[in-house]
Amino acid sequence: MSLLVVGLSHRSAPVSLLERAALSQDAQIKLLQDTVAAEPATEAALLATCNRIELYADVDKFHAGVAEVSTLLAQHSGVGLDELTPYLYVHYEDRAVHHLFSVACGLDSMVVGEGQVLGQIKDSLALSQELHSAGRLLNDLFQQALRVGKRAHSETGIDRAGQSLVTFGLQQLAGGRGAGVAGGSVESWAAGKKALVIGAGSMSSLAAATLARLGVAEIVVANRTPDRAERLAQIINENSENSQYEGPDGHEGVPASVSARAVPIESVPFELTRADIAVSCTGATGLVLTAEIIAAAVEGRAPVDEAGLSPRRTAQGDVRDVRGVLPPTSIGTDDGCPLDLSAGQAVQESAGFSVMGEAAVAGMDAATLEQHAAWVDNGTVDRRDAARRTPDDDRELIAALALTAATLGRIPEQRRPEMPAGVPRPPAVLSLLDLAMPRDVDAAAHRLAGVRLVDIESLAEASADVPMAADVDQVRRIVADEVAAFGAALRAAHITPTVVALRAMAADVVAGEIARLDGRLPGLDEKHRAEITQTVRRVVDKLLHAPTVRVKQLAAEPGGAGYADALRTLFDLDQETVASVSRADRADRADEDADQIAETNAGSRGRA
């Protein structure tokens, strides 16, 4: 076995780099094709999800394989090799198998135990089979990974250790600051709300299923391909009519009469003004929801009050004027500020400085902060709104930030800082869940009043505090056992062509000796001839039985690959004979792979 995996994930690389390295569908196909065309690799499979990119390959040389695969990843991701290399991890042979099995069980996921990755592994295998880039090794590996993942979920309580990213993200929205839900009950938080789902892929479908199960009142699906949006909305409505919704993760529930409809992607800005929750997961390379679109969507809206009234309607049914209820969602510039705020990355996303959004000063040094503090101290800020903070408050906050910069060298890079003490953030009227990589939602939305944003990066931070279930140890034992079994089976299979060639050679020897016997004893009757032939064959079988059984056992152990070479040398086996046996075996496997591809494609059409 010469299995190699080179990749990067949320555990090894910052989200900003993962965003830049994300591969489109066309780029994934080209990467697989170029990998198998390269000299060191004979097979290739790619596992590309929202938080990992891993290229698996069967290589004949380790160092050459690592160099070639890393170079190809850099070329197709568009990230320079020098920049990418520090974040890459490499696993070889048994360690590569262990890594994929751990991924399949959810042990390496952002939220431990989530099961969405199993579908992604299945999609990865289907693509490799379709492109004929996966041979016997990777077909066996990925199919076994799917079995191991299913075993982990069925035999243990790993599901209790985590949930899918969708569920976990909604729980963060429900229980997060400004969500307005005591105890973070996602069911009570979601009940009766209007949801907008942007995208119609597997993750968006899972989001729609989860929202329906939680009891939202309406789901609007927007997608660039209208047919896919219509199909997803139809599935939601059909399941709702049956009062029994079964989501992609297999969990069932009885939603409150949820209705679904599809809209063009151009309608997203308007639908956002009606939505309470928006989940976005598209393959777009640019932002789908900019800060300007989001700011316009919350303009004129207010939180639902204790009486359960909608944001714009009073108990008498009159539309009420709620302008000014929320703090300004300005993303412009502050007049008179001496700083070039457009220089910072956070400010490039949303030009302007606000003490209420410390992300705008992330990365500034102490001297720059002191310059801004002097500007505040001179009282040049327009403070006509009595609800705004006083100059003394601003000076204290900026002084604290300057102290942090002096201690650490720079303000820590964080998009979502804790709110200053005594400055409550108003409840969110729009909750955004961004599951795309690269991101769909402008990160500047974190700074908009009335908006709550949870994205891949914030999920990574939050999941670090999720307690591990006791079942995780049991899953790890399952993975270890399965890795050992897979390695043993692979090594044993490696020696099989040599054993078959040895037995074929022995059969030829027996046939030759019987032919010589016929020449020496031409009058030998058939009965005696058959008895002699059978006796000779039994002798040969007994002589070969022990060594062939033992060599298979030895070959299954770590480091046992050399026994095949020893067997060929000891018995002077013809290398071409061994190779012909291997080719015949690969032909049989190709037929099996074709059947598997047909089965996978049929299943995909059935789900569609």
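As the structure is a prediction and not an experimental result, all values here were calculated from the model.

Asker: Can you help me understand the confidence of the model for the protein in this one?
Answerer: Low-pLDDT stretches of the model should not have their predicted coordinates read in fine detail. Of all residues in the protein, 67% have pLDDT values of 70 or greater, and the mean over the chain is 75. Ignoring residues within four places in sequence, the model shows residues 245-255, a span with pLDDT below 50, making 29 contacts including any to other chains. Across residues 411-422, where pLDDT falls below 50, the model places 35 contacts with residues more than four positions away in sequence or in other chains.

Asker: Just to check I follow, could you spell out unusual backbone geometry for this structure?
Answerer: What is expected of a backbone is that most residues other than glycine have negative phi and most peptide bonds are trans. Non-glycine residue Glu93 carries a positive phi angle of around 50°. Tracing the backbone through its elements, the reader meets Glu93 in the loop between β4 (89-92) and α5 (94-104). At His132, a residue that is not glycine, the phi angle is positive and equals roughly 60°.

Asker: What is the right way to look at the pattern of salt bridges in this model?
Answerer: Side chains that differ in charge, positive against negative, can pair when their charged atoms come close. Following the criterion strictly, the structure yields 19 salt bridges and no others. With its nearest N and O atoms 2.5 Å apart, the salt bridge here joins Glu83 to Arg20. One end of the pair, Glu83, is in helix α4 (residues 81-84); the other, Arg20, is in helix α1 (residues 15-21), and 63 residues separate them in sequence. Given the relative accessible area of 34%, Glu83 is considered partly exposed. For the salt bridge of Glu218 with Arg261, the shortest nitrogen-to-oxygen distance reads 3.0 Å. Within this pair, whereas Glu218 is found in strand β6 (residues 218-223), its partner Arg261 is found in strand β9 (residues 259-264), the two being separated by 43 residues in sequence. Glu218 sits in the buried class, given a relative accessible area of 12%. Bridged by salt links that share partners, the residues Arg11, Arg52, Glu54 and Asp108 form one connected network.

Asker: Can you walk me through the packing of α5 against helix α6 (residues 116-130) in this structure?
Answerer: Axis angle and axis distance: for two packed helices, these are the angle between their axes and the distance between the axes, and together they describe the pair. Running from N to C, α5 and α6 cross one another at 125°; their axes reach a closest spacing of 8 Å. It follows that α5 is oblique to α6 by the angle criterion. Mapping the contact onto sequence places Leu100, Val103 and Ala104 in α5 and Val117, Leu118 and Ile121 in α6. The residue inventory of the contact of α5 with α6, partitioned by class, reads six nonpolar, no polar and no charged.

Asker: So what exactly am I meant to see when it comes to the pairing of strand β11 (residues 430-434) here?
Answerer: Taking burial as the measure, the five residues of β11 include five buried ones, the bulk of the element. Of the two faces of β11, the one lined by Leu430, Leu432 and Asp434 and the one lined by Ser431 and Leu433 are each fully buried. In the sheet, strand β10 (residues 277-280) pairs with β11 via four bridges, with the strands oriented parallel. Counterpart to Ala278 in the pairing with β11 is Leu432. Bridging between β11 and strand β12 (residues 451-455) involves five bridges; their strand directions are parallel.

Asker: Would you mind going over the sheet that holds β12 with me for this structure?
Answerer: One key point about sheets: their strands pair by backbone hydrogen bonds, in either a parallel or an antiparallel sense. Taken in spatial order, the six strands line up as β9-β6-β5-β10-β11-β12 in an open sheet, and their pairing is parallel. Each having just a single partner strand, β9 and β12 make up the two edges of the open sheet. With direction set aside, neighbouring strand axes in the sheet form an average angle of 15°. Seen against the sheet, helix α8 (residues 165-175) touches β10, β11 and β12 and runs at an angle of roughly 150° to β11. Against the sheet, helix α10 (residues 202-214) touches β5 (194-198), β6 and β10, its axis set at about 170° to β5.

Asker: Sorry, what's going on with the nonpolar core here?
Answerer: Soluble globular proteins tend to pack their nonpolar side chains together in the buried interior. Ranked by size, the top nonpolar core spans 70 residues in total, and within it Leu170, Leu211, Ile219 and Leu435 carry the most contacts. Considering each element in turn, this core owes the most residues, seven residues, to α10. Two domains each donate at least three residues to this core, and these are domain 1 (2-161) and domain 2 (165-242 + 256-301 + 426-464). Dropping the residues within four chain positions of it, Leu170 is found in contact with Val186, Trp189, Thr210, Leu211, Leu214, Ile277 and Leu433. Of all hydrophobic cores here, the second largest spans 34 residues; its members include Leu3, Ala45, Leu125 and Leu490.

Asker: Can you walk me through helix α7 (residues 136-155) in this structure?
Answerer: Because each turn of an α-helix spans 3.6 residues, side chains separated by three or four positions end up pointing in the same direction. Look at α7: 28 Å from first C-alpha to last across 20 residues, which is about the 28 Å you get at 1.5 Å a residue. Counting buried positions along α7 gives 14 out of 20 residues, so the element sits mostly inside the fold.

Asker: In this structure, what is going on with the pairing of β10? I would like to understand it.
Answerer: In the case of a regular strand, side chains alternate between the two sheet surfaces. Burial along β10 is two-sided: Ile277 and Val279 and Ala278 and Ser280, pointing in opposite directions, are all buried. Where β5 meets β10, four bridges bridge the pair, whose relative direction is parallel. Pairing of Val197 across the sheet is with Val279, part of β10.

Asker: Would you explain the sheet that holds β4 in this entry?
Answerer: In space, the four strands of this open sheet follow the order β2-β3-β1-β4, with antiparallel pairing throughout. The sheet is open, and its two edges are formed by β2 (41-49) and β4, each paired on a single side. Along the sheet, successive strands turn relative to each other by an average axial angle of 15°, direction set aside. The sheet contact formed by β2 and strand β3 (residues 52-59) spans eight bridges and is antiparallel. The residue of β3 that forms the bridge with Thr49 is Arg52. Along the sheet, helix α2 (residues 25-37) makes contact with β2 and β3, crossing β2 at roughly 160°.

What counts, and at which threshold
- Residues numbered from 1 in each chain as written.
- Predicted model: local features only at pLDDT ≥ 70, side-chain atom pairs only at ≥ 80, totals over all residues.
- Heavy atoms only, no water.
- pLDDT = per-residue confidence, 0-100.
- Contact = heavy atoms within 4.5 Å.
- Helix = DSSP H or I, 4+ residues; strand = E, 2+ residues; numbered from the N terminus.
- Salt bridge = Lys/Arg side-chain N within 4 Å of Asp/Glu carboxyl O.
- Buried < 20%, exposed > 50% of the residue type's maximum accessible area, 1.4 Å probe, protein only.
- Axes fitted to C-alpha atoms, helices over the stretch in contact; angles between N-to-C directions.
- Parallel < 35°, antiparallel > 145°, perpendicular 65-115°, else oblique.
- Nonpolar A, V, L, I, M, F, W, Y, C, P; charged D, E, K, R; others polar.
- Pairing = 2+ DSSP bridges.
- Core = buried A, V, L, I, M, F, W, Y, C linked by side-chain atoms within 4.5 Å.
- Domains from an automatic or database assignment.
- Expected span 1.5 Å × (residues − 1).

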